[in-house]
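As a plain string of letters, each chain reads:
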Amino acid sequence: MSEILATLTGVSKSYRKGKETVEVLHNLDLEIPSGDFIAIMGPSGSGKTTLLNLLGGLDKPTSGTVRVGDAEISSMSNNKLSHWRSANIGFIFQFYNLLPVLTAQKNVELPLLLTSLGGKERTNRAQIALDVVGLGERARHYPRELSGGQEQRVAIARAIVSDPALLLCDEPTGDLDRETADEILKLLQILNREHGKTIVMVTHDARAAGYANRSMICDKGSLEHREAT
Amino acid sequence: MKYVGFVWKNVWRKKIRTSLTILSVLVAFLLFALLSAIGYAFKSGADAADAERLVVIDKVSLINPLPIAYRDRIATTEGVRSVTYASWFGGYYQDPRVQFPQFPVDPYEYFSMYPEFEIPRERLDAWANNRQGAVLGRELAEQFGIEVGDRMPIQATIWTKADGGRTWEFDIEGIFENEDPRSSSAFLLFQYDYFDEARAFGKGTVGWYVLRVAPGSDPVQVGNAIDAQFANSPNETETSTEAAFAQSFAKQLGNIALIVTLILGAVFFTLLLVSGNTMSQSVRERINELAVLKTLGFSDGAMLGIVLAESITIMLIGGLLGLGIGWIVVQGAAQAMGACLPGIFLSPQAMGTALVIMLGAGIVAGIFPAVKAMRLSIVDALARA
Ligand SMILES: Nc1ncnc2c1ncn2[C@@H]1O[C@H](COP(=O)(O)OP(=O)(O)OP(=O)(O)O)[C@@H](O)[C@H]1O
Ligand SMILES: [Mg+2]
């Protein structure tokens, strides 16, 4: 068994809606081995995004602990978490979330602004990340000049530029046509297999889940394993 | 420093909106620059004034002349150390629009009354020995390209000559300097004797007297003593300190200055509303982007800083442009109306104040949106998108 990258122990998460408290995740235990590629499926509102938010340190569990690498992020201060995220997590969203005022190159460079790297080194690394996703030629294009698939590639380049161990993808192909989605999923597969990135991907699409090593179903506050297809 | 490009791009996200905001900042600071330059002119007149120097004018009006015979009576008043006189000539050189003062005076008396003006001794002697001689302030000499030995015709607007002529020809015998930057040397001095002899009317009068009180004497008492002497005469006098004299010019404009200050206050208030609105719109319409930045690991402090930097940048662009244009206008005004408003000057202090206002206004306009960006909940903001 390979090394464990992330561990959720007894994690619950509830939200307060007016006077009611809604428990989205209930006493969840999960181990994510380093180098894994997990797809998480499940009905809308079942808590998939919530789970990713907890893993990525964007949100904190109501109870239980979240450990990623050697950090227990569920008890970190917000400021520490910011810093930790910048070095350890790459986020990929359904709607790419690139900044429209920046070129592809500058978008990819953003996370490096938080490091002590000099301008030249930042440019170099951003260029390498763009090359990895096959968009080296489009470095100077603005998001509005790119197709959806290309935008998502830039977003992936931005997620990997600071070389984090864990990539969290929330429906990364949800807004793309089938062919483009396949390209993106292949790219994620390459990142997983050749670059050793651990990936947790939320998807509604069983075909997309097929690219992962294994799938899990999130429903009614808990997770169930499913046989790999 | 590495955020400069990023902040700059965000500032120009909506070009028209940003340009309009910058324009309103520009106008406010242009107004500020002009107003403080004018204010400086008034204040500097009083600052540069010598507390031991008194000015004697006609009680009814500054423009009424006083008899030359008053000179000896003033000189013998107790507490008076020295006295001299000057008059307003009101002519122009070549271009009637380029105004500067000319004063008929007594050469030696004038320069000993005003030690702040410096002239080489031999130039002063040369002038005193030439009835048609004149001396010119350095500023004007440079402006007109006139050197010692040149002949300078001045067109009279008031004082025609006895022979009917309006052109007074002067030999420039010297250039004087004024080391005090608060007051101007932009004027011409020529001999009273020549003036009085050659003019068609008004002979035997001067515009005003200037006197220096003896050390230890109280300027107010001396002034009262002089005015008492001429009470109930056809020309009653009013003696005041030079500072008060300078301010009496300013007083007429005092109310205007107050109104302008109020306007300026209103302009800056509006400016804060306009730029504050620009900043909060700019933050509101990119909540999602700001949440992404936070997701990437930008700290709360960085978020605050980025939004404030945008706000301050807008203020600095508009403010520095306004100040720059103001500076050019003030330079022009100093050349064109140095006579009616000597010492008009955009001082380093005024520019420093403007800079502080820019930073302060940038912070005030940006602080609420910046705090909003800082407190933004990533999870909520991204869920909404
Ligand atoms: N900030 C919040 N405040 C209150 N309730 C929330 C909040 N975030 C999520 N929820 C609720 O938690 C539940 C799970 O939300 P979550 O976004 O994790 O679902 P999801 O599985 O990602 O759904 P989808 O497939 O539609 O993206 C939902 O019922 C949602 O309304
Ligand atoms: Mg979701």
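Residues numbered from 1 in each chain as written. Chains lettered and ligands numbered in written order. Predicted model: local features only at pLDDT ≥ 70, side-chain atom pairs only at ≥ 80, totals over all residues. Heavy atoms only, no water.

### Here we look at the overall build of chain A
Item 1. In terms of regular secondary structure, chain A is built from 7 helices and 10 strands.
Item 2. Its C-alpha radius of gyration of 17 Å places chain A within 12% of the 17 Å reference for a compact globule of 229 residues.
Item 3. Per-residue burial over chain A gives 57% buried out of 229 residues.
Item 4. Pairs at least 24 residues apart make up 69% of the contacts formed inside chain A by residues separated by at least 6 positions.
Item 5. Carbon and sulfur atoms form 46% of the exposed surface of chain A, whose accessible area is close to 10,500 Å².
Item 6. Here chain A contributes 26 positive and 28 negative side-chain charges, whose respective centroids are spaced 5 Å apart. (Helix = DSSP H or I, 4+ residues; strand = E, 2+ residues; numbered from the N terminus. Rg over C-alpha atoms; globule rule 2.2 N^0.38 Å. Buried < 20%, exposed > 50% of the residue type's maximum accessible area, 1.4 Å probe, protein only. Contact = heavy atoms within 4.5 Å. Areas by Shrake-Rupley, 256 points an atom, 1.4 Å probe, with all protein chains shown as cover. Lys, Arg positive; Asp, Glu negative; His and termini not counted. Charge placed at Lys NZ, Arg CZ, Asp CG, Glu CD.)

### Things to note about the site of ligand 1
Item 1. The full set close to ligand 1 counts 14 residues, and Ser44(A), Gly45(A), Lys48(A), Thr49(A) and Thr50(A) are the nearest of them.
Item 2. More than a single chain frames ligand 1: its nearby residues are located in chains A and B.
Item 3. Side-chain polar atom of Thr50(A) to an oxygen atom of ligand 1: 2.5 Å apart, as the coordinates give it.
Item 4. Calculation on ligand 1 without its partners gives an accessible area of 630 Å², and the protein chains cover 70% of this total.
Item 5. At 3 residues, the largest contribution of residues to the shell around ligand 1 is made by helix H1 (residues 48–55) of chain A.
Item 6. Grouping the constituent residues of the shell around ligand 1 by class yields 3 nonpolar, 7 polar and 4 charged. (Near = heavy atom within 4 Å. Polar contact = N/O pair within 3.5 Å; in protein donor to acceptor, adjacent residues only side chain to side chain. Nonpolar A, V, L, I, M, F, W, Y, C, P; charged D, E, K, R; others polar.)

### Here's the deal with the interface of chain B and chain A
Item 1. In this assembly, 20 residues from chain B lie in contact with 24 residues from chain A.
Item 2. If you sort the residues of chain B by the area they bury against chain A, Lys2(B), Leu296(B) and Val379(B) come out on top, with a joint share of 29%.
Item 3. Here chain B is connected to chain A by 0 salt bridges.
Item 4. Counting every contact that joins chain B to chain A gives 6 residue pairs in polar contact (both at pLDDT 80 or more).
Item 5. Elements that contribute at least two residues to the side of chain B that touches chain A include exactly helix H1 (4–11), helix H10 (287–296) and helix H13 (378–384) of chain B.
Item 6. Broken down by element, the residue count for the side of chain B that touches chain A peaks at 7 residues, all from H10(B). (Buried area = accessible area lost by both parts, 1.4 Å probe. Salt bridge = Lys/Arg side-chain N within 4 Å of Asp/Glu carboxyl O.)

### Regarding the domain arrangement of chain B
Item 1. Along its sequence, chain B is carved into domain 1 (4–45 + 254–383) and domain 2 (48–251).
Item 2. Measuring from the centre of the C-alpha atoms in domain 1 of chain B to the corresponding centre in domain 2 of chain B gives 45 Å. (Domains from an automatic or database assignment.)

### With respect to the sheet that holds strand S1 (residues 4–17) of chain A
Residue and element names in this part refer to chain A.
Item 1. Taken in spatial order, the 4 strands make up an open sheet running S2-S1-S4-S5, and their pairing is antiparallel. Pairing within the sheet leaves two strands with one partner each, and these edge strands are strand S2 (20–33) and strand S5 (71–72).
Item 2. Packed on one face of the sheet, H1 meets S1, S2 and strand S4 (63–68) and runs near 125° to S1. (Pairing = 2+ DSSP bridges. Axes fitted to C-alpha atoms, helices over the stretch in contact; angles between N-to-C directions.)

### Quick word on unusual backbone geometry
Residue and element names in this part refer to chain A.
Item 1. Unusually for a residue other than glycine, Tyr96 sits at a positive phi of about 65°.
Item 2. Inspection of the secondary structure puts Tyr96 in the loop between strand S6 (89–92) and helix H3 (104–109).
Item 3. Here Asn97, not a glycine, exhibits a phi torsion of approximately 55°, which is positive.
Item 4. Here Asn97 lies in the loop between S6 and H3.
Item 5. Assessed through its relative accessible area of 10%, Asn97 is described here as buried.

### Brief notes about the sheet that holds strand S7 (residues 166–170) of chain A
Within a sheet, neighbouring strands are paired by backbone hydrogen bonds and run either parallel or antiparallel to one another.
Residues and elements named next belong to chain A.
Item 1. On the basis of which strands lie adjacent, the open sheet formed by 6 strands has the order S6-S7-S8-S3-S9-S10 and mixed pairing. Each having just a single partner strand, S6 and strand S10 (222–226) make up the two edges of the open sheet. Ignoring which end each strand starts from, the neighbouring axes of this sheet average 20° apart.
Item 2. As paired strands, strand S3 (residues 37–41) and strand S8 (residues 198–202) are joined by 4 bridges and run parallel to one another. Looking across to S8, one finds that Ile40 is bridged to Val202.
Item 3. Lying over the sheet, helix H6 (residues 178–194) contacts S3, S6, S7 and S8, oriented at roughly 150° with respect to S8.

### Remarks on the nonpolar core
Item 1. Counting residues in hydrophobic clusters, the biggest one holds 65 residues, and the most contacted among them are Leu110(A), Leu293(B) and Phe298(B).
Item 2. Non-local contacts of Leu293(B), meaning those with residues more than four positions away in its chain, are made with Leu99(A), Leu110(A), Phe6(B), Phe298(B), Met303(B) and Ile306(B). (Core = buried A, V, L, I, M, F, W, Y, C linked by side-chain atoms within 4.5 Å.)

### Regarding H1(B)
Item 1. All buried positions along H1(B) are accounted for by Phe6(B), Val7(B), Asn10(B) and Val11(B). All buried residues of H1(B) fall inside an arc of 135° around its axis, so they share one side. (Arc of directions from axis to C-beta.)

### Quick look at the pattern of salt bridges
Residue and element names in this part refer to chain B.
Item 1. Applying the stated criterion across every chain, the model contains 26 salt bridges over all chains.
Item 2. Of the charged contacts, one joins Arg131 and Glu197 as a salt bridge, the two residues approaching to 2.6 Å between their closest N and O atoms. In this pair, Arg131 is assigned in the loop between helix H5 (121–128) and strand S7 (133–137) and Glu197 in helix H7 (residues 192–198), connecting sequence segments 66 residues apart.
Item 3. By relative accessible area, which is 38% here, Arg131 ends up partly exposed.
Item 4. In this structure Glu197 comes out as exposed when scored by relative accessible area, which is 52%.
Item 5. A salt bridge links Arg151 to Glu169; the shortest N-O distance between them is 3.1 Å. With Arg151 in strand S8 (residues 151–156) and Glu169 in strand S9 (residues 167–178), the pair connects residues that are 18 residues apart, well separated along the chain.
Item 6. Among the residues examined, Arg151 registers a relative accessible area of 45% and is labelled partly exposed.
Item 7. Accessibility expressed as a relative area gives 27% for Glu169, which makes it partly exposed.

### Some thoughts on the state of the cysteines
Item 1. Enumeration over the complete set of coordinates arrives at 0 disulfides over all chains.
Item 2. In this structure Cys218(A) is not part of a disulfide, and its nearest cysteine sulfur, from Cys169(A), lies 16 Å away. (Disulfide = S-S within 2.5 Å.)

### Topic: the environment of Pro215(B)
Residue and element names in this part refer to chain B.
Item 1. By the secondary structure assignment, Pro215 is in the loop between strand S12 (208–213) and helix H8 (219–229).
Item 2. For Pro215, a relative accessible area of 58% gives the class exposed.
Item 3. On a C-alpha basis, the gap between Pro215 and Val27 in space is 50 Å, while along the polypeptide they are 188 residues apart.

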